[in-house]
2 protein chains.
Amino acid sequence: MDSAFTVFLVDDDAGVLKAVGRLLRARGYDVRSFTSPQAFLVSHDALIRGCAILDVSMPDLDGLALQQALSAGGSQRSVIFLTGKDDIPTSVRAMRAGAIDFLTKPVNDTDLLAAIGRAEKEDAEHRSANASLGSIQARLAMLTPREREVMTHVVAGRLNKQIAGDLGTVEKTVKVHRGRVMSKLGVRSVADLVRLAEKAGIDGSRP
Amino acid sequence: MDSAFTVFLVDDDAGVLKAVGRLLRARGYDVRSFTSPQAFLVSHDALIRGCAILDVSMPDLDGLALQQALSAGGSQRSVIFLTGKDDIPTSVRAMRAGAIDFLTKPVNDTDLLAAIGRAEKEDAEHRSANASLGSIQARLAMLTPREREVMTHVVAGRLNKQIAGDLGTVEKTVKVHRGRVMSKLGVRSVADLVRLAEKAGIDGSRP
DNA sequence: CGCGCTGTTGGCCCTAGGGCCAACTCGACA
DNA sequence: TGTCGAGTTGGCCCTAGGGCCAACAGCGCG
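Residues numbered from 1 in each chain as written. Chains lettered and ligands numbered in written order. Predicted model: local features only at pLDDT ≥ 70, side-chain atom pairs only at ≥ 80, totals over all residues. Heavy atoms only, no water.

Caption draft 1: How the structure looks around the overall build of chain A. Counting secondary structure elements, chain A contains nine helices and five strands. Mapped from its N terminus to its C terminus, chain A presents α and β elements in the order β-α-β-α-β-α-β-α-β-α-α-α-α-α. Computed over its C-alpha atoms, the radius of gyration of chain A comes to 24 Å, more than 25% above the 17 Å expected for a compact globule of 207 residues. When the backbone C-alpha atoms are referred to their principal axes, chain A occupies close to 70 × 40 × 30 Å. Taking all 207 residues of chain A together, 43% fall into the buried category. Looking at chain A alone, contacts between residues at least 24 apart form 61% of all its contacts between residues at least 6 apart. For chain A, the exposed area adds up to about 10400 Å²; of that, 53% sits on carbon and sulfur atoms. Taken together, the 28 basic and 25 acidic charged side chains of chain A have centroids lying 11 Å from each other. (Helix = DSSP H or I, 4+ residues; strand = E, 2+ residues; numbered from the N terminus. Rg over C-alpha atoms; globule rule 2.2 N^0.38 Å. Buried < 20%, exposed > 50% of the residue type's maximum accessible area, 1.4 Å probe, protein only. Contact = heavy atoms within 4.5 Å. Areas by Shrake-Rupley, 256 points an atom, 1.4 Å probe, with all protein chains shown as cover. Lys, Arg positive; Asp, Glu negative; His and termini not counted. Charge placed at Lys NZ, Arg CZ, Asp CG, Glu CD.)

Below, the structure is given as structure tokens:
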């Protein structure tokens, strides 16, 4: 079914893929295995709910680099690392780059499942944050340039007549744009407009 | 002088304290050394600009526990760990708990100084965020209970007459409170008020 | 008991916001 | 060339916000 959480397993050791894959499938996860980081990267679909479990040392593209590549590609895929040999600096870099966990092989089932549990939670948070941001940006995209311009002034707390002065027009025109902004964005108070703008990263706090 | 950045060195090995202390003092840092975590904790002053460099394994209270104790005490002191023996799970927990870095002994001077550099940056960010939050809360504390109540409704985007209905009073009274809120908080537009409330964690986005 | 703070309310008046209808200009597009 | 969307503007009118002055009630404190 579609509601399963997918685990993308990337490891050049087929034995690991098999063993971990079996464990996770038994737990109800949808598992997709890759023996090469490139294969994973090119076929990767950020829309699928899930997390990635990456081997640290792989030929060509190591786990860390793969993590960078993912985030550079705009994906917020949650990542769990597996490593064969102890290496503190690497674990520090991975965690600093936002990894969920950094586990050593042979991996303890409990630890791995706990990490995946955290990944599920993080993934859900990312998705809900993105959904809300996406809906805001979609509505913002419906505004004409002039309307957006008026909006930033309104969010900055300026009066219609001041906005009119700044934009080289008259108060009446500003009122019209302002009304259209409120209606297009589906908000009914300036307070809501300010919060919406805040989430979209529109900084109105200019003195 | 007072503008120096202080490094709190905590390690039960006096040799480490001496060696690292010398290095850092030569770089212009104000160094305070502690051979016991307790001694550091009881004399700790969160107001001092600086960071802590903690040994991971210490008697009674290990580095991780000390980090927890610091944050449980409300301090946001930036922490850098030093460890004698490799231990990935520990480094992962430390990083997840917000450590700046997790370095292995013997520590490389460059790495240590780089970590302290990041700590300086993080400390400055914490302080400016706290200062801004503190000033907001100080102003918020000047409001009477009724004024705060009116404020939450205003931030929620409600009209004066609706607020009056909710509070069982008349519109005129709400206007007065509202005016006093704006003046006490030093804001001149609802937009600014909303942003201020947002920073203070007052959630006005109730449908 | 009188003072001060908080909360309340009324009156008066002015400014700001905003809905509705109509009209006009311009550039793009079929 | 005619239509359409975006941007403009005017008039009319009503609601919302808010300043200023005055007044009154309840409460805690010296």
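Caption draft 2: Highlighting the protein's contact with DNA strand C. If you check the shell around DNA strand C, you find 16 residues, and the closest are Lys175 and Arg178 of chain A together with Thr144, Thr169 and Lys172 of chain B. Take the atoms of DNA strand C that sit within 4 Å of the protein: sugar and phosphate atoms are 67% of them. A distance of 3.1 Å separates a phosphate oxygen of DNA strand C from a polar backbone atom of asparagine 160 of chain A. Histidine 177 of chain B is positioned such that a nitrogen or oxygen atom in its side chain is 2.7 Å from a phosphate oxygen of DNA strand C. Within the residue set of the surface near DNA strand C, elements represented by two or more residues are helix H7 (160-167) and helix H8 (171-185) of chain A together with helix H6 (145-155) and helix H8 (171-185) of chain B. Element by element, the count of residues in the surface near DNA strand C is highest for H8 of chain B, at five residues. Partitioned by chemical class, the residues of the surface near DNA strand C number four nonpolar, five polar and seven charged. (Near = heavy atom within 4 Å. Polar contact = N/O pair within 3.5 Å; in protein donor to acceptor, adjacent residues only side chain to side chain. Nonpolar A, V, L, I, M, F, W, Y, C, P; charged D, E, K, R; others polar.)

Caption draft 3: Here's a closer look at the relation of the copies chain A and chain B. At an RMSD of 0.1 Å, chain A and chain B line up after a rotation of 180° and a shift of 0.0 Å along the axis. The operation mapping one copy onto its partner corresponds to a two-fold rotation axis. A high fraction, 100%, of the interface residues of chain A reappear at the interface in chain B, so the copies pair face to face through one surface. (Least-squares fit on C-alpha atoms with pLDDT ≥ 70 in both.)

Caption draft 4: A look at the protein's contact with DNA strand D. Looking at DNA strand D, there are 16 residues lining it, with Thr144, Arg146, Thr169 and Lys172 of chain A together with Lys175 of chain B nearest. Close to the protein, within 4 Å, the atoms of DNA strand D belong to sugar or phosphate groups at a rate of 62%. Measuring from a phosphate oxygen of DNA strand D, one finds a backbone N or O atom of asparagine 160 of chain B at 3.2 Å. Within the side chain of arginine 178 of chain B, one N or O atom sits 2.6 Å away from a phosphate oxygen of DNA strand D. Mapped onto the surface near DNA strand D, the elements with two or more residues apiece are helix H6 (145-155) and H8 of chain A together with helix H7 (160-167) and H8 of chain B. In terms of residues, the surface near DNA strand D owes the most to one element, H8 of chain A, which gives five residues. Residues that form the surface near DNA strand D fall into these classes: four nonpolar, five polar and seven charged.

Caption draft 5: Main features of the pattern of salt bridges. Residue and element names in this part refer to chain A. Inspection of every chain in the model, using the stated rule, returns 24 salt bridges over all chains. A salt bridge links glutamate 147 to arginine 180; the shortest N-O distance between them is 3.5 Å. Here the residue glutamate 147 occupies a position in helix H6, and arginine 180 occupies one in helix H8, the gap between them amounting to 33 residues. By sharing partners, the salt bridges in this structure join Asp11, Asp55 and Lys105 into a single network. (Salt bridge = Lys/Arg side-chain N within 4 Å of Asp/Glu carboxyl O.)

Caption draft 6: Representation of the nonpolar core within the structure. Phe40 and Phe81 of chain A together with Phe40 and Phe81 of chain B are the most contacted members of the largest nonpolar core, which has 42 residues in total. Contact partners of phenylalanine 40 of chain A, with chain neighbours within four places excluded, come to Phe8, Val10, Phe34, Ala52, Leu54, Leu66 and Leu70 of chain A. (Core = buried A, V, L, I, M, F, W, Y, C linked by side-chain atoms within 4.5 Å.)

Caption draft 7: The interface of chain A and chain B, seen in detail. Facing 25 residues of chain A, the contacting portion of chain B comprises 25 residues. Three residues, Ile88, Arg96 and Arg195 of chain A, lead the burial of chain A against chain B; their summed loss comes to 34% of the area buried on that side. Where chain A meets chain B, there are two salt bridges. For arginine 96 of chain B, the salt bridge is made with aspartate 101 of chain A, and the minimal N-O distance between the two is 3.2 Å. Seen at the junction of chain A and chain B, the total is seven residue pairs in polar contact (both at pLDDT 80 or more). Elements represented by at least two residues in the side of chain A that touches chain B include exactly helix H4 (88-96), strand S5 (101-104), H6 and helix H9 (190-199) of chain A. Its residues placed into classes, the side of chain A that touches chain B shows ten nonpolar, seven polar and eight charged. (Buried area = accessible area lost by both parts, 1.4 Å probe.)

Scope: geometric values only; no functional claims are made or implied.
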